[in-house]
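Commentary on secondary and tertiary structure
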Amino acid sequence: MKEPRLQAIEGRSGGFYALAALLGALVAAGLWAAWQMEHHGHAITGMTNQIVWGLPHVFAVFLIVTASGALNVASVASVFGRKAYKPLAPLSAVLAIACLVGGLAVLVLDLGRPDRLVVAMTRYNFRSIFAWNIYLYTGFLAIAAVYLWLMLERRMNRYSRVAGTVAFLWRLILTTGTGSIFGFLVARQAYDAAIMAPLFIAMSLAFGTALFLLVLIGAFRATGRPLGDHLLHRLKNLLGVFVAVVLYFTAVQHLTNLYAAEHHGVERYILVEGGAVTALFWVGQVLVGGLVPLGLVYHPTLGRQRGAIALAGLAVLLGGLAQIYVIIIGGQSYPLILFPGMEVSSSFFDGVIHTYRPTGVELLLGLSGLGITGLITLLALRVLAILPAALGDEQAPAPAAGATEAVRA
Amino acid sequence: MAEQAATRRDFLRAGGALAAGVLLAPGVFLLGPAAARPAGEPASSRQRWGLLVDTRRCADGCDACVSACREENGWGGRGRPETDPQWIRKVRVRDPRSGRSFSLPVMCQHCAHPPCVDVCPTGASMRRADGIVLVDRHRCIGCRYCMMACPYKARSLEHEAVEDPRPWAPRGKGTVESCTLCVHRVDAGREPACVEACRRTGNAALVFGDLADPASEIARSVRELGGEALRADLGLDPGVRYLGLNV
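Rules used in this analysis
Residues numbered from 1 in each chain as written. Chains lettered and ligands numbered in written order. Predicted model: local features only at pLDDT ≥ 70, side-chain atom pairs only at ≥ 80, totals over all residues. Heavy atoms only, no water. UniProt positions renumbered as here; feature names shortened; annotations may be inferred. Helix = DSSP H or I, 4+ residues; strand = E, 2+ residues; numbered from the N terminus. Rg over C-alpha atoms; globule rule 2.2 N^0.38 Å. Buried < 20%, exposed > 50% of the residue type's maximum accessible area, 1.4 Å probe, protein only. Contact = heavy atoms within 4.5 Å. Lys, Arg positive; Asp, Glu negative; His and termini not counted. Charge placed at Lys NZ, Arg CZ, Asp CG, Glu CD. Buried area = accessible area lost by both parts, 1.4 Å probe. Salt bridge = Lys/Arg side-chain N within 4 Å of Asp/Glu carboxyl O. Polar contact = N/O pair within 3.5 Å; in protein donor to acceptor, adjacent residues only side chain to side chain. Nonpolar A, V, L, I, M, F, W, Y, C, P; charged D, E, K, R; others polar. Pairing = 2+ DSSP bridges. Axes fitted to C-alpha atoms, helices over the stretch in contact; angles between N-to-C directions. 1 Å grid on protein atoms, 1.4 Å probe; cavity = no way out; pocket = protein on both sides within 12 Å on 5 of 7 lines; lining within 4 Å. Points joined across faces, edges and corners; volume = space filled by probe spheres on them. Patch = residues over 30% accessible without salt bridge, like charges linked within 9 Å, V, L, I, M, F, W, Y side chains within 5 Å. Areas by Shrake-Rupley, 256 points an atom, 1.4 Å probe, with all protein chains shown as cover. Left-handed = near helix turned anticlockwise from the far one by under 90°. Parallel < 35°, antiparallel > 145°, perpendicular 65-115°, else oblique. Core = buried A, V, L, I, M, F, W, Y, C linked by side-chain atoms within 4.5 Å.

If you look chain B up in an unreviewed UniProt entry, it shows as Molybdopterin-containing oxidoreductase family iron-sulfur binding subunit from Inmirania thermothiophila.

Naming follows an unreviewed UniProt entry, where chain A appears as Molybdopterin-containing oxidoreductase family membrane subunit of Inmirania thermothiophila. We quote the UniProt Sequence similarities (unreviewed entry) comment for chain A here in full: "Belongs to the NrfD family." A UniProt comment under Subcellular location (unreviewed entry) is attached to chain A, and it reads "Cell membrane".

Structure (structure tokens):
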């Protein structure tokens, strides 16, 4: 089998410039929002001393979780020896880097003192999962960059498998770290659960694969390059498995909580009485992010249509945003329990459900993370040869043949 | 021989100190339990500063401790309760089964194992050797992870520019702040503003002192009357203890 040639996109069409301009505008708007927040303080956002983390964190965590999952296709190629995926591995690594940079930018620009980033880079408290994460994130960027170089530089290709394995292990630890930001919070009823780490890993696999599918379909379509169905169908089946795993871990998360009487209140809030949070859980997370994509990818006829596969990917991403919103905002809007079984009131909102009304600046800042991710990906496609010139079914053989290739390789 | 001489000197010095303490005046000691710490000397783990709140003496509707803290440390007062910082608040608690109700002040509980210090990425959240938990306002990057981690909701982010902060309580936009146990007063041998204000009302529901000194009033009260921790299930060993939560 002849390996597909990787080729940069031409990037001279009106569509390319329009997309670049749109993404650039998102980034500019986000920078403006961050400057406003820096200037006026967090008072101009909807975040309060009750809802401490808001929309910027929803977008940032979403992108960071997606980043590690976007590397999935490269892992499948390098670590698990599925040769059919190999031509797509560089795009997978680029997408992972782009997502992580987008997410981290939002996280940093939301700090109360973003100007003190140098403090965060020089003073560490190693009991803090945030401090570990600074190393995990920068390490991931470095490893993914080296991995990308080893894949693109022909003479170095033979080392790419080692780098791919390191990147794969690193990303598992990284997402464990992201999930543990919440998993280790003993204070809050909605968190403080070890299942957060595996749940986040499952989420990363689903979101990352969904984003990869969308970028893959979009890039091949926009450049008019041929894309066969075999690989796409294998990827969408993989997406289906990951989505089912997320649903499974979500069910376990809530069933475990429901078993403990002390968590009944917060579970009733999230699952039944939480208004927008409850709607986002059932409609956003479970229906749009779980059942709809499952129905689409495993449907005997719809599941073979490219449009339906793309729609499934989009649904997983929207459901993912809803899921992280439910975790972050829902988890905080339920009050801290200082006196179990008692009715409490105070001037500081003890005992009441906290409302969160996000403002334009935090939405713009959050969206700019998507803008940064998109812009990096677009520019990388333009300057690096990471997209196969063609990926018809003859380049990416059917599963059985692919498996034989892998064994031979 | 040298050892013996040292012992003799120590004995004489201790005797002198004792005599001075006794002779100064009846009931007035030079070396009291809350003696001022000399400048330049680090806080010592021989002390564990704490507060005992007697909820049975804490009057419903009284917020003298809150006003005193606000005045002393210069926080609050913009009329925006959702974003204004609150270092100390009065919480009203009612048992829906028995109808019994009481009120109590809640502030930073100055835990021995503070989750805020554990999660702070830069080490801005810190615990002094004498048990006072503080935020280094020069090192805080405003990530608010400590606010997510604190079970007592004791911390606030300063959401706006701070006009005219007190010299002893530096505060600034974009950083996190909380009760300092009036560390500037404690280091000068005085008690926190809330304790002083509570005593002035006649309720005297707050006792400040050294939990590690068995002879102190607070240690004696805790020994004799108990002293419950809020969220004791978390095992954080807070320095703020309460009486009369469950009677």
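**Focus: the overall build of chain A**
Along the backbone of chain A there are 14 helices and one strand. The C-alpha radius of gyration of chain A comes to 22 Å, within 12% of the 22 Å expected for a compact globule of 409 residues. In chain A, which comprises 409 residues, the proportion classed as buried is 57%. Within chain A, contacts between residues at least 6 apart in sequence are counted, and of these 79% link residues at least 24 apart. Put simply, chain A has 26 plus and 17 minus side-chain charges, and the middle of one group is 14 Å from the middle of the other.

**Some thoughts on the interface of chain B and chain A**
Interface size is commonly expressed as the accessible surface area that is lost when the partners come together. Taken together, the contacts link 52 residues of chain B with 54 residues of chain A. Buried surface at the junction of chain B and chain A, both sides included, amounts to about 4700 Å², of which 55% is carbon and sulfur. Arginine 127 of chain A serves as the salt-bridge partner of aspartate 118 of chain B, at 2.8 Å between the closest nitrogen and oxygen. The interface formed by chain B and chain A holds 34 residue pairs in polar contact (both at pLDDT 80 or more) in total. At the level of elements, strand S2 (88–94), strand S3 (101–107), helix H3 (115–119), helix H4 (145–149) and strand S6 (156–157) of chain B are the ones that each hand at least two residues to the side of chain B that touches chain A. At six residues, the largest contribution of residues to the side of chain B that touches chain A is made by S2 of chain B. Of the residues assigned to the side of chain B that touches chain A, the class counts are 26 nonpolar, 10 polar and 16 charged. Taken together, the four bridges between strand S1 (residues 343–346) of chain A and S2 of chain B define a ladder with antiparallel strand orientation. The partner of valine 344 of chain A across the bridge, within S2 of chain B, is valine 93 of chain B.

**Here's the deal with the sheet that holds S1 of chain A**
Strand order in this open sheet of three strands is S1(A)-S2(B)-S3(B), and the pairing throughout is antiparallel. Unpaired on one side and paired on the other, S1 of chain A together with S3 of chain B mark the two borders of the sheet. Neighbour-to-neighbour, the strand axes of this sheet turn through a mean angle of 25°, independent of strand direction. Packed on one face of the sheet, helix H2 (residues 64–73) of chain B meets S2 and S3 of chain B and runs near 165° to S2 of chain B.

**Some remarks on the layout of surface pockets**
All names here are of chain A. Of the voids in this model, the largest pocket is the one considered here, and its volume is about 950 Å³. Lining of the largest pocket is provided by 35 residues; of these, Leu19, Leu23, Val215, Gly374 and Leu378 occupy positions nearest its centre. Of the residues belonging to the lining of the largest pocket, the class tally is 23 nonpolar, 10 polar and two charged. Here the second largest pocket defines a volume of roughly 730 Å³. Forming the walls of the second largest pocket are 32 residues, and the residues nearest its centre are Ile337, Phe339, Pro340, Gly341 and Met342.

**Section: the pattern of salt bridges**
Residue and element names in this part refer to chain B. Scanning the model with the defined rule gives 28 salt bridges over all chains in all. Notably, a salt bridge pairs glutamate 71 with arginine 166, separated by 3.7 Å at the nearest N-O pair. A residue pair is termed long-range when its members are at least 10 positions apart, and glutamate 71 in helix H2 and arginine 166 in the loop between S6 and strand S7 (176–177) qualify at 95 residues. We note a salt bridge from glutamate 72 to arginine 185, for which the minimum N-O separation is 3.2 Å.

**Observations regarding a nonpolar patch on the surface**
Residue and element names in this part refer to chain A. Among the surface-exposed residues, Trp282, Val283, Leu287, Leu291 and Val292 lie close enough to one another that they form a single nonpolar patch of about 430 Å² accessible area. With respect to the helices, strands and loops of the structure, tryptophan 282 is situated in helix H11 (residues 276–298). Residue classification places tryptophan 282 among the partly exposed positions, given a relative accessible area of 43%.

**A word on the environment of threonine 165 of chain A**
Position of threonine 165 of chain A relative to the elements: it lies in helix H7 (residues 160–183). C-alpha separation for the pair threonine 165 of chain A and alanine 190 of chain A, spaced 25 residues apart in sequence, amounts to 34 Å.

**Quick notes on the packing of helix H9 (residues 229–259) of chain A against H11 of chain A**
Residue and element names in this part refer to chain A. For the pair H9 and H11, the least separation of the axes is 9 Å and the interaxial angle reads 145°. Of the two possible hands of crossing, H9 and H11 adopt the one that is left-handed. Each of Lys236, Asn237, Gly240, Val241, Val243, Ala244, Leu247, Thr250 and His254 in H9 lies in contact with H11, whose residues at this interface are Phe281, Gln285, Val286, Gly289, Gly290, Leu291, Pro293, Leu294, Val297 and Tyr298. Along the lines of polarity and charge, the residues of the contact of H9 with H11 split into 11 nonpolar, seven polar and one charged.

**Thoughts on the packing of helix H2 (residues 55–70) of chain A against helix H8 (residues 196–223) of chain A**
All names here are of chain A. It is the contact of H2 with H8, at a shortest axis distance of 6 Å, that shows an interaxial angle of 75°. Comparing their axes, H8 and H2 come out roughly perpendicular. Contacts between H2 and H8 involve Val61, Phe62, Val65, Thr66, Ser68, Gly69 and Ala70 on the former and, on the latter, Phe200, Met203, Ser204, Leu205, Phe207, Gly208, Thr209, Leu211 and Phe212. The class makeup of the residues in the contact of H2 with H8 is 10 nonpolar, six polar and no charged.

**Regarding the nonpolar core**
If you look at the biggest cluster of nonpolar residues, it comprises 175 residues, and the most contacted ones within it are Trp53, Met203 and Phe207 of chain A together with Leu104, Tyr145 and Tyr242 of chain B. No other element matches the 18 residues that H8 of chain A contributes to this core. Other than its neighbours up to four places away in sequence, leucine 104 of chain B contacts Phe339 of chain A together with Thr55, Cys58, Arg89, Lys90, Val91, Val93, Tyr242 and Leu245 of chain B.

**A short note on the environment of glycine 61 of chain B**
Residue position: glycine 61 of chain B is located in the loop between strand S1 (49–54) and H2. Each C-alpha atom of the pair glycine 61 of chain B and serine 103 of chain B lies 8.2 Å from the other, and the pair is 42 residues apart in sequence.

**Looking at empty space enclosed by the protein**
Once rolled over the atoms, a probe with the size of a water molecule shows which space is left empty. Residue and element names in this part refer to chain A. Under the criterion given, the structure shown has 12 cavities of 30 Å³ or more. Around the largest cavity, the lining comprises 16 residues; the ones closest to its centre are Ala190, Gln253, His254, Ile270 and Ile327. Listed by contribution, the elements that provide at least two residues to the lining of the largest cavity are H8, H9, helix H10 (264–273) and helix H12 (306–333). Split into classes, the residues belonging to the lining of the largest cavity amount to eight nonpolar, seven polar and one charged.

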